[in-house]
Amino acid sequence: MMTQRGAVGSVVLTAVALTATVGAAAATPVLDKAAARVSRDKVTDNLYMSLGAFEDAISGEDPKVKAMIDRTDIGGVQVVVPWKALEGKKGEYKWSRLENALKYLQERHKKLFVQVQDRFFDVAMKDANVPQYVKDEGGVAPTIDENPDNPTTHGAMAAQWKKEVRADFQAMLKAMAKKFDGKLAGVNLPETAVEVDTKQDKTKYTSKSYIDAEIDNMRYGKKVFTKTQFIQYINFLPEDDDHKRMKEMFDLAREKKIGIGGPDTLPDRPYQMENSYKFLHEYKGALPLVAMAVQEPDINAKDPKTGKPYTRERFTNFAHDYLGARHMFWTTEADWLQKPPA
């Protein structure tokens, strides 16, 4: 199965998570007039980056990105936070880094979105950024990325299909909600496109158990985050050629008012169009939130219609008009961010 690449190590997988109109007032401070200007007719533009990159920016170590965060046409930042950054020993949670990020952005009338990362691409299993106790208890599985656009790479992810791993992960989500529900603009779980290396796996993975676990976490996240918009990224699912399981996830999102996001915006790319894009289009207007990201590889990908790299307008128009997105998260490498705000 071809899968979609995600984060490198603990850096970014994709990112897209944004506030829905439902509960937005409760989730974030009222924006001033300058912040209100961030909405461009069709979508609100935001940045995404790893938590470490965000901290480098606000410390002044990366002044270029710090200036991007403060732009009047940027509504907020989505940070990708690995599970290990939130929990050390079992049940001992660490919130200071998120508290610092939230304070910094609130002071600037910007929103904070958090992607909780449990899977890591192009990294050795021993370096997977999950709590050590999860590794010690055999709760990490090897993955392989056979994306045709990139060389084959190997990574690792938390074995959510193991009940004890999922219970620990959900306990962390519950504690996070107790601390931040209503303060964060959005919380999302990462993309569904992973492929476990079954030749090396010792966790008794099956595609069914994996998807069942994704759905269970999706339900649980919505249960504990009642004020902050909860979001699930969906792009591809293993061994789901008839798309029945993907439809199940979209039906659940519609029923429970769970936001849906996507790790990549790639207009008219056949493989994407045959998978989650098809459902995003079909469910357009029926979900509380749709948000799409534009990552580094996306900005260099060729538009099938022109044979040239996609333009900002092409990304935005497709995301809004076809997929129903109201918010986008942009890599800081996007060309328009290298220029002053219009």
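Higher on the page you've got the structure.
Here's what I pulled together on the structure shown here. Keep in mind the model is a prediction, meaning the values are calculated, not measured.

## As for the environment of threonine 226
So, point 1. Here threonine 226 shows up in the loop between helix 9 (207–224) and strand 9 (229–233).
So, point 2. Relative accessible area serves as the criterion here: at 58%, threonine 226 is assigned to the exposed category.
So, point 3. Spatially, the C-alpha atoms of threonine 226 and aspartate 181 are 6.9 Å apart, while their sequence positions differ by 45 residues.
So, point 4. A polar side-chain atom of threonine 226 sits 3.0 Å from a polar atom in the side chain of aspartate 181.

## Some remarks on helix 3 (residues 51–59)
So, point 1. Of all the positions in helix 3, only Leu51, Phe54 and Ala57 are classed as buried. In an axial view of helix 3, the angular spread of the buried residues amounts to 120 degrees, which keeps them on one side of the axis.
So, point 2. Summarising the contacts, the buried residues of helix 3 are in contact with strand 2 (43–50), helix 4 (63–69), strand 3 (76–82) and helix 6 (96–107).
So, point 3. Phi turns positive one or two residues past the end of helix 3, at glycine 60, with a value near 95 degrees.

## Section: the nonpolar core
So, point 1. Of all hydrophobic cores here, the largest spans 93 residues; its most connected members are Ile69, Val116 and Met176.
So, point 2. Sorting elements by how many residues they give to this core places helix 8 (residues 163–180) first, with eight residues.
So, point 3. Not counting residues up to four positions away in its chain, the partners in contact with methionine 176 are Leu86, Trp95, Leu98, Val114, Val116, Asp181, Leu184, Val187 and Phe225.

## Some words on the packing of helix 6 against helix 8
So, point 1. Between helix 6 and helix 8, the shortest axis-to-axis distance is 12 Å and the interhelical angle comes to 35 degrees. The way helix 6 lies across helix 8 gives a crossing that is right-handed. Facing Leu98, Glu99 and Leu102 of helix 6, the residues of helix 8 in contact are Met176, Lys179 and Phe180.
So, point 2. Among the residues making up the contact of helix 6 with helix 8, the classes are represented as four nonpolar, no polar and two charged.

## Describing the packing of helix 3 against helix 6
So, point 1. Interaxial distance between helix 3 and helix 6 falls to 11 Å at its minimum, and their mutual angle equals 50 degrees. Judged by the inter-axis angle, helix 3 sits oblique to helix 6. As helix 3 packs across helix 6, the resulting crossing turns out to be left-handed. Contacts from Leu51, Gly52, Phe54, Glu55 and Ile58 in helix 3 reach Arg97, Ala101, Tyr104 and Leu105 in helix 6.

## Quick look at the packing of aromatic side chains
So, point 1. The final tally for this structure, using the stated rule, is 18 aromatic pairs.
So, point 2. Ring centres of phenylalanine 113 and phenylalanine 329 lie 5.1 Å apart, and the angle between their planes is 90 degrees; on these two criteria the pair is classed as edge-to-face. On the criterion of sequence distance, the pair formed by phenylalanine 113 in strand 4 (residues 111–117) and phenylalanine 329 in strand 12 (residues 327–330) is long-range, its members being 216 residues apart. Take phenylalanine 113 and phenylalanine 329: they sit in the same class, and that class is buried.
So, point 3. Taking the centre distance of 6.3 Å and the plane angle of 50 degrees together, the rings of tyrosine 205 and tyrosine 210 count as tilted.

## Some words on the pairing of strand 9
So, point 1. Among the five residues that make up strand 9, five are buried, leaving the element largely enclosed by the rest of the structure.
So, point 2. Taking every second residue as pointing to the same face, both faces of strand 9 are buried, with Gln229, Ile231 and Tyr233 on one and Phe230 and Gln232 on the other.
So, point 3. As for the winding sense of the linkage, the β-α-β connection from strand 8 (residues 186–189) through helix 9 to strand 9 is right-handed.
So, point 4. In the sheet, strand 9 pairs with strand 10 (residues 259–262) via three bridges, with the strands oriented parallel. For tyrosine 233, the partnering residue across the bridge sits in strand 10 and is glycine 261.
So, point 5. Following the chain from strand 9 across helix 10 (residues 244–256) to the adjacent parallel strand 10, one finds a crossover that is right-handed.

## Some details on the side chain of aspartate 45
So, point 1. By secondary structure assignment, the location of aspartate 45 is in strand 2.
So, point 2. Reaching out from aspartate 45, the side chain makes a polar contact with the side chain of tryptophan 330 at a distance of 2.8 Å.

## Overview of the sheet that holds strand 6 (residues 140–145)
So, point 1. With antiparallel pairing, three strands are arranged side by side in an open sheet as 5-7-6. What marks the edges here is a single partner per strand, and that holds for strand 5 (119–120) and strand 6.
So, point 2. Pairing of strand 6 with strand 7 (residues 153–158), which is carried by six bridges, proceeds in the antiparallel orientation. Looking across to strand 7, one finds that alanine 141 is bridged to methionine 157.

## Looking at the pattern of salt bridges
A side chain of one charge can pair with a side chain of the opposite charge if their charged atoms are brought near each other.
So, point 1. Within the structure shown, the criterion is met by 22 salt bridges.
So, point 2. Among the salt bridges present, the one from lysine 126 reaches aspartate 127, with a minimum N-O distance of 3.3 Å.
So, point 3. In this structure, the salt-bridge partner of aspartate 268 is lysine 305, at a minimum N-O distance of 3.7 Å. On the criterion of sequence distance, the pair formed by aspartate 268 in the loop between strand 10 and helix 11 (270–273) and lysine 305 in the loop between helix 13 (296–300) and helix 14 (312–322) is long-range, its members being 37 residues apart.
So, point 4. Salt bridges sharing common partners tie together Asp70, Lys103, Glu107 and Arg108.

Rules of the game
Residues numbered from 1 in each chain as written. Predicted model: local features only at pLDDT ≥ 70, side-chain atom pairs only at ≥ 80, totals over all residues. Heavy atoms only, no water. Helix = DSSP H or I, 4+ residues; strand = E, 2+ residues; numbered from the N terminus. Buried < 20%, exposed > 50% of the residue type's maximum accessible area, 1.4 Å probe, protein only. Polar contact = N/O pair within 3.5 Å; in protein donor to acceptor, adjacent residues only side chain to side chain. Arc of directions from axis to C-beta. Contact = heavy atoms within 4.5 Å. Core = buried A, V, L, I, M, F, W, Y, C linked by side-chain atoms within 4.5 Å. Axes fitted to C-alpha atoms, helices over the stretch in contact; angles between N-to-C directions. Left-handed = near helix turned anticlockwise from the far one by under 90°. Nonpolar A, V, L, I, M, F, W, Y, C, P; charged D, E, K, R; others polar. Parallel < 35°, antiparallel > 145°, perpendicular 65-115°, else oblique. Phe/Tyr/Trp six-rings, centres within 6.5 Å; stacked < 30°, edge-to-face > 60°. Right-handed = clockwise from strand over helix to strand, strands pointing away. Pairing = 2+ DSSP bridges. Salt bridge = Lys/Arg side-chain N within 4 Å of Asp/Glu carboxyl O.

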